[in-house]
Amino acid sequence: MAEKRRDSFKSNLGVILALVGSAIGLGNLWRFPYLVGTNGGAAFIIIYLLCILFLCMPIMVCEFVIGRRSQANTFGAFKKLAPGTGWKYTGTLAVITCVILLSFYVVVGGWTIDYFIKSLRMVFTPETDFATEFNNMVSSTSENVFYTLLFLVCTAGVIVAGVKNGIERTNKYLMSALAALIVFIVIYAMTLPGAKQGLNFLFHPDFSKVTFRTVLSALGQGFLSLSIGCGAIITYASYANRKDNLLKTTTITTLSDTMFALLAGMAILPAVFSAGMDPSEGAGLAFISLPYIFANMSFGKVLSIIFYFILFAAALSSSISLMETVVAFLKEEYKKSRFGSMLIMLGITTVFAVFCALSFGVLSGFKILGFTFFDLFDYVSSNICLATCALLVCLFAGWRIKKEHFYDEITSGGKYKIPKWLLGTLRVFVRYIAPVIVAIIIVNSLIGL
Ligand code: TRP
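Here we summarise the structure given alongside this text. (Residues numbered from 1 in each chain as written. Predicted model: local features only at pLDDT ≥ 70, side-chain atom pairs only at ≥ 80, totals over all residues. Heavy atoms only, no water.)

Within the structure, the ligand sits among 17 residues, and S22, A23, G27, Y105 and L224 are positioned closest to it. For the ligand, an oxygen atom lies 3.0 Å from a polar atom in the backbone of A23. L26 is positioned with one of its backbone polar atoms (N or O) 3.1 Å from an oxygen atom of the ligand. Protein chains shield 100% of the accessible area of the ligand, which is 360 Å² for the free molecule. Looking at the shell around the ligand, the elements with two or more residues in it are helix 1 (12-23), helix 2 (26-38), helix 5 (88-120), helix 10 (212-226) and helix 14 (300-333). For the shell around the ligand, the residue count by class is nine nonpolar, eight polar and no charged. (Near = heavy atom within 4 Å. Polar contact = N/O pair within 3.5 Å; in protein donor to acceptor, adjacent residues only side chain to side chain. Areas by Shrake-Rupley, 256 points an atom, 1.4 Å probe, with all protein chains shown as cover. Helix = DSSP H or I, 4+ residues; strand = E, 2+ residues; numbered from the N terminus. Nonpolar A, V, L, I, M, F, W, Y, C, P; charged D, E, K, R; others polar.)

Quick look at a nonpolar patch on the surface now. Taken together, the side chains of F212, V215, W399, V428, Y432, I433, V436, I437 and I440 define a hydrophobic patch exposed on the protein surface, amounting to about 780 Å² of accessible area. Of all the secondary-structure elements, those providing two or more residues to the nonpolar patch are helix 10 and helix 18 (420-447). With six residues, helix 18 is the single largest residue contributor to the nonpolar patch. Tracing the backbone shows I433 in helix 18. Residue classification places I433 among the partly exposed residues on the basis of a relative accessible area of 35%. (Patch = residues over 30% accessible without salt bridge, like charges linked within 9 Å, V, L, I, M, F, W, Y side chains within 5 Å. Salt bridge = Lys/Arg side-chain N within 4 Å of Asp/Glu carboxyl O. Buried < 20%, exposed > 50% of the residue type's maximum accessible area, 1.4 Å probe, protein only.)

Below, the discussion takes up the nonpolar core. The biggest cluster of nonpolar side chains holds 159 residues, and the ones touching the most others in it are F223, F287 and I410. Each residue touching F223, except ones within four places of it in the same chain, is listed here: C56, I59, I228, L386, A387, A390, V438 and I441. (Core = buried A, V, L, I, M, F, W, Y, C linked by side-chain atoms within 4.5 Å. Contact = heavy atoms within 4.5 Å.)

Unlike most non-glycine residues, M122 shows phi in positive territory, near 55°. When you line up the elements, M122 lands in the loop between helix 5 and helix 6 (130-139). Non-glycine residue F299 carries a positive phi angle of around 60°. When you line up the elements, F299 lands in the loop between helix 13 (289-295) and helix 14. Taking relative accessible area as the criterion, F299 reaches 59% and is therefore assigned exposed.

Enumeration according to the criterion identifies 39 aromatic pairs in this entry. Directly above the aromatic system of W399 lies the positively charged group of R431, at a separation of 3.8 Å from the ring centroid. (Phe/Tyr/Trp six-rings, centres within 6.5 Å; stacked < 30°, edge-to-face > 60°. Lys NZ or Arg CZ within 6 Å of the ring centre and 35° of its normal.)

With that settled, consider the pattern of salt bridges. Taken as a whole, this structure holds 14 salt bridges when the rule is applied. We note a salt bridge from E333 to K79, for which the minimum N-O separation is 2.8 Å. Residue E333 is located in helix 14, and its partner K79 is located in helix 4 (residues 74-81); the two are separated by 254 residues in the primary sequence. Under the relative-accessibility criterion, K79 is labelled partly exposed at 37%. A salt bridge links E143 to K118; the shortest N-O distance between them is 2.8 Å. Here E143 is found in helix 7 (residues 141-160), whereas its partner K118 is found in helix 5, with 25 residues between them in sequence. The class of E143 is partly exposed, set by a relative accessible area of 22%. Its relative accessible area of 10% is what places K118 among the buried residues.

This part is about the packing of helix 5 against helix 16 (residues 373-400). Relative to each other, helix 5 and helix 16 sit at 145°, their axes nearing to 9 Å. The chirality of how helix 5 crosses helix 16 is left-handed. Here helix 5 contributes T90, L93, A94, T97, I100, L101, S103, F104, V107, V108 and W111 to the contact with helix 16, which in turn contributes F374, F377, D378, S381, S382, C385, L386, T388, C389 and L392. For the contact of helix 5 with helix 16, the residue count by class is 14 nonpolar, six polar and one charged. (Axes fitted to C-alpha atoms, helices over the stretch in contact; angles between N-to-C directions. Left-handed = near helix turned anticlockwise from the far one by under 90°.)

Scope: geometric values only; no functional claims are made or implied.
Now the structure itself:
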């Protein structure tokens, strides 16, 4: 078969938007605010920022180097750069991680569509009991499974349209809409009576709440939020051009993701305080506390529609990256068509996702190691698989890729002259510091099983 030209993004902006789209997701809007809420407000943010700067960014650079240098999917990348070695199994682990992650991600993605539609139909009133409403939704077989599959099909639809016409274009629209809408909601949030309290909470550290666990969750959140550790960045980077400067792309992605997480906090926490609620509510924040708050505030109906649209758009742009990683793998390694690869991926994910969706209802009594399917998939992928892949990626980029090649990838493209000390420091982090810290996280998470 003649070798076809590989897919690629049209422009550098396309690469950046796709990476930002992958990074900004439920992690920022749903998980970040409640982690801040339960871990001492700004104290958590400070630790999170340090983790991002010193660990997550260097690892992201490594994924980028591997992807762009090899111009191949996650598995193919390791195979190409270290032929005849076992490194390629890092790619296998990355692909499996994507499947696990996507399987529970689409369930929450489904909830966002459900709540978006309910907001449009204006079914929520101040009298609604939102905890019961949420529990009924997740435990109902038909409703939960239907929306999970609907979300999955939306993701598959974008993937089939291809890298330029599907991924690049969708991310362009979704990210522009997201940026505009979140700013609008933040401005509105600043007019609420609880705005001052919310901002105080967000920007005043309470170090008494910080424990070793806080540091672990900050790092885990960094991986999840920046989409590190499952080959998604390797895959997107493989569609990038050598004219794009990799440090610039990494920095813009990280900054946008962090800004968005903070904006999400600035949008949500004032509303929580205005309603006299507790920000340490936990996972129910986005689907129980917020709809209650929306139902009880002026313009709440419109805000609710906007908020669930934002949540949906962010979730979709992220799930696209997870599916594309596996589709690129099937397409290139098994020489399948894009459509065929998508169907295979859709089939596999449907099975797992349905199990995850049902674990709130009919399968709630079915537990593995004390976890329901959903919780197990969440725990294993976020706490173990992502970190393990990240560790292998670091070791690969630090010890296997030649120093000249590593530096060459980082310095190529753009008009910037990257100082030597920065390159050297980066390499020390990648070779020694990041692997040790990530290994500690993995051991800790395994103990928690
Ligand atoms: N970053 C996304 C979020 O914040 C989740 C995500 C999408 C992800 N693709 C990923 C996480 C790849 C790890 C790896 O919700």
